Amino acid sequence: MKKTTLLLILVILLAIILRFFQLGSVPPSPDWDEVALGWNGYSIMMTGKDEYGKFLPVVLRSFDDYKPALYAYLTIPFTALLGLTTMATRMPSAVFGVLTVLATYLLIKEISKKEYLALLVAFLLAISPWHIQFSRIAFETNVGLSFNVFMALFFIKGLKKPGLLSLSAISAALSIYTYQSEKVFTPLLALGLVIIYAKELLELPRKYLIFALIAGVIAIAPMAHYIITNEESLLRAKATIAFSEQNFLNRNIQRLEADISENNILGKILDNRRVVYGITIASGYLSHMNLNWLFIEGDLQRHHAPQMGILYLWEFPFVFIGIYSLIFTSGSWFKKKKSALFIFLWFLLAAAPASITSGVPHAVRTLNFLPTFQVFTAIGLVTVVGYLVQKKYLSFNSLNIKSLAIITSFIFIFSVNFLFYLNQYFVQQNYFYSYDWQYGHEEAVAYVKSIESKYDKIVLTEEEPMDQAYMFYLFYLKYSPEKYQMESKTTSGGFEDNHNFDKYEFRPINWKEEVKDSKTLYVGRPSDFSSGAKILKVIKYLNGEQAIIIVEG
């Protein structure tokens, strides 16, 4: 066995361990999007329909956020094998996470002059906090990233074996069925590939280009038809776009009116709506270059390990050295200089979908930054090692004191950072972030199910942090999809709507006004009940704080 093959196997094994170890219990609970994807996949498996009775949907209406449905379909074989569980729901993401590591190795190997560079990039992606975070939860963006890497891999290989171009086109289409950001990023990256490698494409037999175009069109047709014929397809974009916020518009109007009344010429220019939109987009885009976000804090708690950014601190200098080296010595790294242009295009396009949204920087919407950061880090690391060897500060042939000091220092810094991450993710995360992961529903459902026969009605709050509680109960009860579809025909899925089924009623709890009787069970937050309530069960977050209270009426 070749040494590189053995090393690749070890990298893939490491990727598998980091993505599958305690997959069902770390993070400590699926969030509402995860259970929605899992149960809707279960519903499609059992009835061919989603929760609203839509037959083989291209898009899931879900919480009126209209998720692309591919991830739900991917859960079906795992649910059939393992049952409707957290692990089964997260399995597609973990599998695609490992496949992305392998595909990244093959992609970099194809365009690089140095096979060890491909191994190093794959290793860095295998241990990447950013990639591990989203490979271990049922977030569709991770599968979207995988298909984008597949698209690039099959495209580059297709320049030599043109039959693979059809697989590239199909991968691009499938990416758009995964997550909203891919609807922007994937077409732009595909267009960039075509422009950069136009000369090579035009030298290929035309039939392969036509086959690829036809394959892509056929694959994307159902989604394109849905987007064109359904106004609801844009609801998620309207909800997250920065310009849709009423406060944003009001502030802009007020400033412009003040400028006009004061005849402030500069103000009228800068506060012009189009200028403000441009500044907002630029600000949103550049927020993703925030070093504090990347290396120190991250954004939402569900997007990173506690007290960690989404990249390792040790990577910081190597990222910038790698970018510098790739700009000025691209011929040293890739077989063709245009491959460096492709990597930079990928990097620059990654933040484009998120730049027009609110809540930036955002690690989910920009997961497509990967694996470019790993490419920069690997090139930077190799550049530094090469420089130290050239200057005779470092030697691998005869390990002197200077060489040992450098190697030992790097291994120590790397190990401390990596082990700190493993502790923060696999040990501390459940303790510190169980609130953010909506922990407690599984235990609550198990308890309620054990005593539900005693009650005529079970009332459950849907107030934060127990939003969309109905989906957690459908998921953990493994409630019959056929039965639920009959019971929920009038619901819309909106955040303000109730989704009652069987004896379960989902609504805010106003304890002072509730009609108390021993045949009604209440499940809510600690703040929902007064001190005199008859408490049957207290469920706590993993840090010991109260999460869910179960009370008899």
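The shown structure was predicted, so the numbers you read here are calculated from the model rather than taken from an experiment. (Residues numbered from 1 in each chain as written. Predicted model: local features only at pLDDT ≥ 70, side-chain atom pairs only at ≥ 80, totals over all residues. Heavy atoms only, no water.)

(A) Broad picture of the packing of helix α3 (residues 70–82) against helix α4 (residues 86–111). The interhelical angle for the contact between α3 and α4, taken along N-to-C directions, is 115°, at an axis separation of 7 Å. As α3 runs across α4, the sense of the crossing is right-handed. Mapping the contact onto sequence places Y71, L74, T75, F78, T79 and L82 in α3 and A88, T89, R90, M91, P92, S93, V95 and F96 in α4. The class makeup of the residues in the contact of α3 with α4 is nine nonpolar, four polar and one charged. (Axes fitted to C-alpha atoms, helices over the stretch in contact; angles between N-to-C directions. Helix = DSSP H or I, 4+ residues; strand = E, 2+ residues; numbered from the N terminus. Left-handed = near helix turned anticlockwise from the far one by under 90°. Contact = heavy atoms within 4.5 Å. Nonpolar A, V, L, I, M, F, W, Y, C, P; charged D, E, K, R; others polar.)

(B) Seen up close, the sheet that holds strand β3 (residues 457–460). Across the sheet, which stays open at both edges, the five strands sit in the order β4-β3-β5-β7-β6 with mixed pairing between neighbours. With partners counted over all chains shown, the strands left at the sheet margins are β4 (504–506) and β6 (534–540), one partner each. Here the strands of the sheet are splayed against their neighbours by 20° on average, with no regard to which way each runs. Where β6 lies against strand β7 (residues 546–552), six bridges are found, and the strand directions are antiparallel. Across the sheet, residue K540 finds its bridge partner in β7, namely Q546. With respect to the sheet, helix α22 (residues 441–451) is in contact with β3, β4, β5 (520–524), β6 and β7, its orientation differing from that of β6 by roughly 150°. Relative to β4, helix α23 (residues 469–477) is tilted by about 150°, and along the sheet it contacts β3, β4 and β5. (Pairing = 2+ DSSP bridges.)

(C) Broad picture of the pattern of salt bridges. Taken as a whole, this structure holds 16 salt bridges when the rule is applied. Note that E110 is salt-bridged to K160, the shortest N-O span being 3.4 Å. Of this pair, E110 sits in helix α4 while K160 sits in the loop between α7 (140–158) and α8 (165–176), placing them 50 residues apart in sequence. Overall, E110 belongs to the buried group, its relative accessible area being 15%. Overall, the relative accessible area of 60% leaves K160 in the exposed class. A salt bridge links R525 to D528; the shortest N-O distance between them is 2.9 Å. Neither R525 nor D528 differs from the other in exposure class; each is buried. (Salt bridge = Lys/Arg side-chain N within 4 Å of Asp/Glu carboxyl O. Buried < 20%, exposed > 50% of the residue type's maximum accessible area, 1.4 Å probe, protein only.)

(D) Spotlight on α22. Here α22 has its buried residues at H441, A444, V445, V448 and I451. All buried residues of α22 fall inside an arc of 140° around its axis, so they share one side. (Arc of directions from axis to C-beta.)

(E) Looking closely at the packing of aromatic side chains. This structure, assessed with the given rule, holds 47 aromatic pairs. Centre to centre, the rings of F475 and Y476 are 5.2 Å apart; their planes meet at 85°, and the pair counts as edge-to-face. With respect to burial, F475 and Y476 carry one shared label: buried. What links up through ring pairs into an aromatic cluster is the set F21, F123, Y312, W314, F318, F410, F414, F418, Y421, Y425 and F426. The cationic tip of R61 hangs over the ring face of Y52; the distance from NZ or CZ to the ring centre is 5.0 Å. Just above the ring of W511 sits the side chain of K516; from NZ or CZ to the centre is 4.7 Å. (Phe/Tyr/Trp six-rings, centres within 6.5 Å; stacked < 30°, edge-to-face > 60°. Lys NZ or Arg CZ within 6 Å of the ring centre and 35° of its normal.)

(F) Spatial organisation of the side chain of E51. Positionally, E51 belongs in the loop between α2 (32–47) and β1 (59–60). For the buried residue E51, which engages in no salt bridge, the nearest side chain bearing the opposite charge is K67, 7.0 Å off. There is a polar contact of 3.0 Å between the side chain of E51 and the side chain of Y470. Residues contacting E51, with those up to four places away along its chain left out, are W39, N40, S43, S62, Y470, M471, Y484, Q485 and S488. (Lys, Arg positive; Asp, Glu negative; His and termini not counted. Polar contact = N/O pair within 3.5 Å; in protein donor to acceptor, adjacent residues only side chain to side chain.)

Purely geometric numbers; function is a separate question.
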